[in-house]
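In case you want the letters, here they are:
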Amino acid sequence: MLGRVRLKDSGIMDEELPTLLETTFRYLAKNLHVVCNDPDPVTQQLELKPDVVIPNEICDRFLRYQQDCGQDINDRFIQIFRDTEKSPLRNIRLRNSTITNEGMRILLRHKLNSLSMWYCNKITTASWNILIENCRQLRSLELGRFVDMLKHSEPNEKTPIDFQLVLPQLRHLILNGVVLQPSIQFGHLSELTYLDLTACIFAEFSLKALIDLPNLKALILFNVWPLDHEFPTLCKLKSLQTLDLSVSRANVDGNYLTPNKLLSNLVESLPNLRHLDISGTNLAGDGVAMKTNNTSSSSDIPGLASRAENPLEFLGLYYTAHSACKWHDIPAIRIAGEATEEQILVAASVYQDRHELLTKVLNDLYHLLRFETCKQIHKALDVVLSAMDKHIRVKNIQISGSATLFYIVKGRNKIQFGVPLKNHIIHTLLNGMSTHLTDDTMMRNGCLTLCQFNIPQDVLFEYERLVRILLHGVSYREQEGFVQRIAIYLLNSLACQVDGSQKMFLGDLGAISTMLNLISDRLSRKIFDDVMEVAWSTMWNVTDETAKNCERFLDGRGMEYFLGCLKLFPDKDDLLRNMMGLLGNVAEVKELRPRLMTPEFITEFANLLDSSSDGIEVSYNAAGVLAHIASDGETAWAISKPTRDRVLIRMVEAIERWDLSAERNINYRSFEPILGLIRCYHTPACQHWAVWALANLTKVYPTKYCLLVEKERGIELLQELIEHPQPYSRLKDLANMVLMHCRNFNDSLDQCKKMELDG
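Thresholds applied
- Residues numbered from 1 in each chain as written.
- Predicted model: local features only at pLDDT ≥ 70, side-chain atom pairs only at ≥ 80, totals over all residues.
- Heavy atoms only, no water.
- Helix = DSSP H or I, 4+ residues; strand = E, 2+ residues; numbered from the N terminus.
- Rg over C-alpha atoms; globule rule 2.2 N^0.38 Å.
- Buried < 20%, exposed > 50% of the residue type's maximum accessible area, 1.4 Å probe, protein only.
- Pairing = 2+ DSSP bridges.
- Axes fitted to C-alpha atoms, helices over the stretch in contact; angles between N-to-C directions.
- Phe/Tyr/Trp six-rings, centres within 6.5 Å; stacked < 30°, edge-to-face > 60°.
- Lys NZ or Arg CZ within 6 Å of the ring centre and 35° of its normal.
- UniProt positions renumbered as here; feature names shortened; annotations may be inferred.
- Core = buried A, V, L, I, M, F, W, Y, C linked by side-chain atoms within 4.5 Å.
- Contact = heavy atoms within 4.5 Å.
- Arc of directions from axis to C-beta.
- Right-handed = clockwise from strand over helix to strand, strands pointing away.
- Salt bridge = Lys/Arg side-chain N within 4 Å of Asp/Glu carboxyl O.
- Polar contact = N/O pair within 3.5 Å; in protein donor to acceptor, adjacent residues only side chain to side chain.
- Parallel < 35°, antiparallel > 145°, perpendicular 65-115°, else oblique.
- Left-handed = near helix turned anticlockwise from the far one by under 90°.
- Expected span 1.5 Å × (residues − 1).
- Disulfide = S-S within 2.5 Å.

Caption draft 1: Main features of the overall build of the protein. Per the secondary structure count, the protein includes 29 helices and 16 strands. Scaling as 2.2 N^0.38, a compact globule of 759 residues should have a C-alpha radius of gyration of about 27 Å, whereas the protein reaches 35 Å, well beyond that. If you line up the protein on its principal axes, its C-alpha atoms span 110 × 65 × 65 Å. Within the span of the protein, comprising 759 residues, buried residues form 55% of the whole.

Shown next as C-alpha cells:
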C-alpha cells in the first residue's frame, strides 16, 4: 500500500497522498488494455502494444504497484515483460504471487539486480537452475517463506538437494528453511555483507564455511538450532555488526548450558557488534547483576557486562528466559521485548518477516489497545497494517492483526484518520477476509472492524469485493451464527444510499436469492430472528427503483414467503413494515403488477390497511401497493373478489385515519412513483394516497422533501390537480397543503439568507 502512518502537525493521522505517478500506476494496474493488446483468444496471454516502450524505472514500480492494488502477479501478467528491451526489469519483489516456473523463465531473462520472493508457493527447483544460468550479476536474493526454489516440492520434505551459489556479485542473501549441506560453498561470495539463514537446517553444514567472507556484516540465524558448537566460529567473524541468535520457542527450548559464558565470550570477541538478538533463549542469564572489571557500572545481563559503558544500538530480548526485558540495567539503546509499549512496538517493527514472533507481538499489542493503555496509536497502526499486508496467507497474523485494528478504529483516534489511511485499513481487512473466507474468527473480526466506519460511504471504493465477501459470509455460516448476523447487517447497510448500478450488482451476485434462502430456512423451522427481519430489509433496499431485482424477488417465491411470514409472525411490527416496503417497490413496476393480482394477495393487502403496526407504516405501504395496482385501471383488476370499489373505499378510509404530523420510518430518494399517481384522474383514490404522502413528508421533513418536490416538477403537477375540475375537495386541500409547506420552507430559506447578508 502507501507509505508509513504519520501523525501530521494538524493532528490528522494519515499516510502520504499518492503521487501522480503512483495514481497512474494504480490506474494501469486495473486497466491493462491501455498498454496491452486484447488477450490472445486461446492462450489469454497479454502483450504490450507495438508502440509501447516502458523504461526500467517505471517497469519496476509498475510491478510493485500491481501487487499493492491487490492484483495477482501470475504468468499471464508477466507476459507484459516478455520483451527485455521494451519492458526491462531490474529489481523484482514478489509476495503472495501465483507465478510458476514458466513466468519465472520470463523474469529471469532480465538483467536483475535484486530478486525478492515471499509466499510464492508454485515455484520449484526448476527456477533455481534458470536463475543460475541467467543472473550471475545478481546483488540481492531473498527466498522467503513458501518459496521452494531450493527445496523439494513435497510437503515437509527435508532431503537435501544439490545446489551451488554461483552468484559472485551477491551482497544480500536470505534463505528460509533450506537444508544446507557441506557441499555448499560460501567462500567465493566475497561481496556478501548480509546473510539470513532463518530456519535453515544444517545437514552437517558448519558456519566455518563463512569465515572466509571478509565483508560479512550481518548474520541472521533465527530458528537455527542447536548452535552451541558454532559459538567458537561465531567469535571469529570479527567484522559482524549484526548477529541474530533468536528462536521463536515454538519448536525449540532455546536453552544453553552455559549461557553467561557463551554470551560474554561472543560479545567480547566481536568488537563491531551493534545489533544483537537473543530473543527466546536463556542467553540473558537469570538476572543477577555483574559488575565489570574496570568500572563501577553494572549489567543485569551477565554476558553483556563488558558493554555496560558501550551499549548496543539494539538488543532483542523478546520472551527470553526469566523475562530479561523487564530488568533495569540493560546495556542497549533500543530493546525488543514484551515489558513495555515501546519494547512491543520495537519488536513489531523488527520482526516483520517472522510470522511466528509477529503473531505473539500482535497479541501483546492487542492487549495494550484493548485496555486503552497504548499511547503511540500511529506507530501501532503502522506495524499492524504492515504485518497484515506482508503475511496475507498466515491466518494467525490476520486474526491477531484484525482484532488489534478493531480497537484502533474503535478508539477516539478514529476522527484523526484521513481518507488514504481509511482506504488502506479497509483494503487490508478485505485482503485478509477474502483469503480466509472460511474462518469464522477472521470474518467476525473483519466485520466488526468495518462496522466502525461510515457505511457505505467509506467502503464505496471496494464496494464489489466487500459485497462478494459478505454474501459468502451470509450464505455459508451456521444458522443463527454471529458472523451471519453481522454480515447481513453490513449487507443491508451497503444496500442503503447507493445508486441503481450498485443495487443491480447486489442482485446480480445473488443478494435476493440469498435473502430468500435465509427466510425459507427460518420459515421451515418456524423461527423468527433478527436475520429474517434484516433479510427483508435488505431486499427492500435492493429492490428500490430496481425492476430487475423486484422480478428476482417474485421469481424466487418471494410472495409465498410473504404469506408464510404473515401467517406465522403477524405481530412482528418491523417485519411487517419491511415486507410491505419491499412490496411497495414491486408494485411500482408496471410489468410486475399483474403478478400481484390474485384474490389471496389483494385480500391480505386490503386487510393490512387496518393495521396499526409500526405507527402508520404498514397501513401506508399497503395503501401504496393497492394505489399502484389500481392505477392500471378497471380492466387490469382481473379478480372478482375483493372488488376494486370496495378496496378503494377501504383505502381512502385508512388514509383519512392517518395523522398528517406522523414521523416516518421511510426514506425517499425520488418522488417519481408518487408523482406518477397524481395524474391518475380516472381513480381519485390513487391520487389521494399520493397527495397525502407529499403533504405528510413536506410537513414533517420540509428541508429534504420540499426541495425534492420542486426538483421533480411536483409543484406544476399539484397546481394542475388543483385547477382540474374532477378531483374532490379533500384532494385539493391536501395539494394546497403541499404547496403551502414548500412556500413556507422557501420563505424561511430566504429569511436565513437575508440574515446572513445583514450579518
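Caption draft 2: Region of interest: the sheet that holds strand 4 (residues 114-118). Taken together, ten strands build an open sheet; the order of strands is 3-4-5-6-8-10-11-12-15-16 and the sheet is parallel. Looking along the sheet, the strands with just one partner apiece sit at the ends: strand 3 (91-95) and strand 16 (332-336). Each strand of the sheet is rotated relative to its neighbour by a mean of 10°, with strand direction disregarded. As judged from the three bridges shared by strand 10 (residues 218-220) and strand 11 (residues 242-244), these two strands associate in the parallel manner. By the bridge assignment, A218 is partnered in strand 11 with T242.

Caption draft 3: How the structure looks around the packing of aromatic side chains. In the structure shown here, the tally under the stated rule is 24 aromatic pairs. Summarising the aromatic geometry, the rings of F77 and F81 are spaced 5.8 Å apart at their centres and angled 70° between planes, so their arrangement reads as edge-to-face. Residues F77 and F81 agree in their burial class; the two are buried. With a centroid separation of 6.2 Å and 75° between ring planes, the pair formed by Y701 and Y705 is classed as edge-to-face. Residue classification places Y705 among the buried positions, given a relative accessible area of 2%. Aromatic rings pair up to connect F25, F62, Y65, F77 and F81 into one cluster. Between the NZ or CZ atom of K360 and the centre of the ring of Y319, over which it lies, the distance is 5.0 Å. Taking NZ or CZ as reference, R664 lies 3.9 Å from the ring centre of Y620, over its face.

Caption draft 4: How the structure looks around the UniProt feature "repeat: ARM" (unreviewed entry) in the protein. The sites that carry the UniProt feature "repeat: ARM" (unreviewed entry) are, in the present numbering, residues 600-639. Between the C-alpha atoms that bound residues 600-639 there is a distance of 10 Å. The span itself is 57% helix and 0% strand.

Caption draft 5: Region of interest: the nonpolar core. Core analysis: the biggest nonpolar cluster contains 165 residues, and I425, W536, F553, F562, F605, F671 and W689 have the highest contact counts within it. Of the residues forming this core, the biggest block, ten residues, is contributed by helix 26 (residues 684-700). The contact partners of F553, leaving out residues within four places of it in the chain, are I512, L516, W536, M539, G558, M559, L582, L583 and V586. With 95 residues, the next largest nonpolar core counts W128, L150, I278 and I330 among its residues.

Caption draft 6: Representation of helix 28 (residues 714-723) in the model. Regarding helix 28, the residues found buried are G714, L717, L718, L721 and I722. In an axial view of helix 28, the angular spread of the buried residues amounts to 140°, which keeps them on one side of the axis.

Caption draft 7: The pairing of strand 4, seen in detail. Here strand 4 lies mainly inside the structure; five of its five residues are buried. Neither face of strand 4 is left uncovered, since the one carrying S114, S116 and W118 and the one carrying L115 and M117 both have all their residues buried. Chirality of the crossover, the property in question, places the unit of strand 3, helix 4 (residues 101-107) and strand 4 among those that are right-handed. Relative to strand 5 (residues 140-143), strand 4 runs parallel, the two being bridged by four bridges. Bridged to S116 within strand 5 is E142. A crossover links strand 4 with its parallel partner strand 5, the connecting element being helix 5 (residues 125-134), and its sense is right-handed.

Caption draft 8: Here's a closer look at the pairing of strand 3. The sheet contact formed by strand 3 and strand 4 spans five bridges and is parallel. For R95, the partnering residue across the bridge sits in strand 4 and is W118.

Caption draft 9: Region of the structure containing the pattern of salt bridges. Counted under the stated rule, the structure contains 25 salt bridges. One salt bridge connects D244 with R354, and the closest N-O pair in it is separated by 2.3 Å. Pair noted here: D244 is in strand 11 and R354 is in the loop between helix 8 (341-350) and helix 9 (355-370), with a separation of 110 residues, a long-range link. Overall, the relative accessible area of 3% leaves D244 in the buried class. Each of D521, R522, R525 and D529 takes part in one network of salt bridges that share partners.

Caption draft 10: Broad picture of the environment of R465. Topologically, R465 is positioned in helix 14 (residues 463-475). For R465 and S619, which are 154 residues apart along the polypeptide, the C-alpha to C-alpha distance reads 38 Å. Sequence-distant contacts of R465, that is, excluding residues within four places in its chain, are made with H427, L430, N431 and S434. There is a polar contact of 2.9 Å between the side chain of R465 and the side chain of E462.

Caption draft 11: Main features of the packing of helix 8 against helix 10 (residues 377-390). Interaxial distance between helix 8 and helix 10 falls to 9 Å at its minimum, and their mutual angle equals 30°. The angle between the axes of helix 8 and helix 10 places the two elements in the roughly parallel class. As for the relative orientation of helix 8 and helix 10, their crossing is left-handed in sense. Residue-level contacts link L345, A348 and S349 of helix 8 to K379, A380 and V383 of helix 10.

Caption draft 12: Representation of helix 12 (residues 419-435). With 17 residues, helix 12 should cover 24 Å at 1.5 Å per step; its first-to-last C-alpha distance of 24 Å lies within 8% of that length. For helix 12, the buried fraction is high: 13 of the 17 residues fall into the buried class.

Caption draft 13: Expanded view of the state of the cysteines. With the rule as written, the count across this model stands at zero disulfides. Between C325, a cysteine without a disulfide, and C374, which holds the nearest cysteine sulfur, the sulfur-to-sulfur distance is 16 Å. By relative accessible area, which is 2% here, C325 ends up buried. Of the cysteine sulfurs around C496, a residue in no disulfide, the closest is that of C451, at 13 Å. Judged by relative accessible area, which is 24%, C496 ranks as partly exposed.

Caption draft 14: Main features of unusual backbone geometry. Omega for the bond connecting W225 with P226 falls within 30 degrees of zero, at 0°, which places this linkage in the cis form. Residues K641 and P642 are joined by a peptide bond in cis, for which omega reads -10°. Considering the arrangement of structural elements, one finds P642 in the loop between helix 23 (617-630) and helix 24 (644-657). The backbone phi angle of E372 is positive, close to 55°, even though this residue is not glycine. By relative accessible area, which is 62% here, E372 ends up exposed. Backbone geometry at R713 places phi at a positive 60°, although glycine is not the residue there.

Caption draft 15: Geometry of the side chain of S613. Mapping S613 onto the fold places it in the loop between helix 22 (599-608) and helix 23. The class of S613 is buried, set by a relative accessible area of 7%. Polar side-chain contacts of S613 include one of 2.7 Å to the side chain of D573. Excluding residues that lie within four positions of it along the chain, S613 makes contacts with D573, L576 and V618.

Caption draft 16: Spatial organisation of the environment of L273. By the secondary structure assignment, L273 is in the loop between helix 7 (259-269) and strand 12 (275-277). Taking the C-alpha atoms as reference, L273 lies 79 Å from K567; in sequence the two are 294 residues apart.

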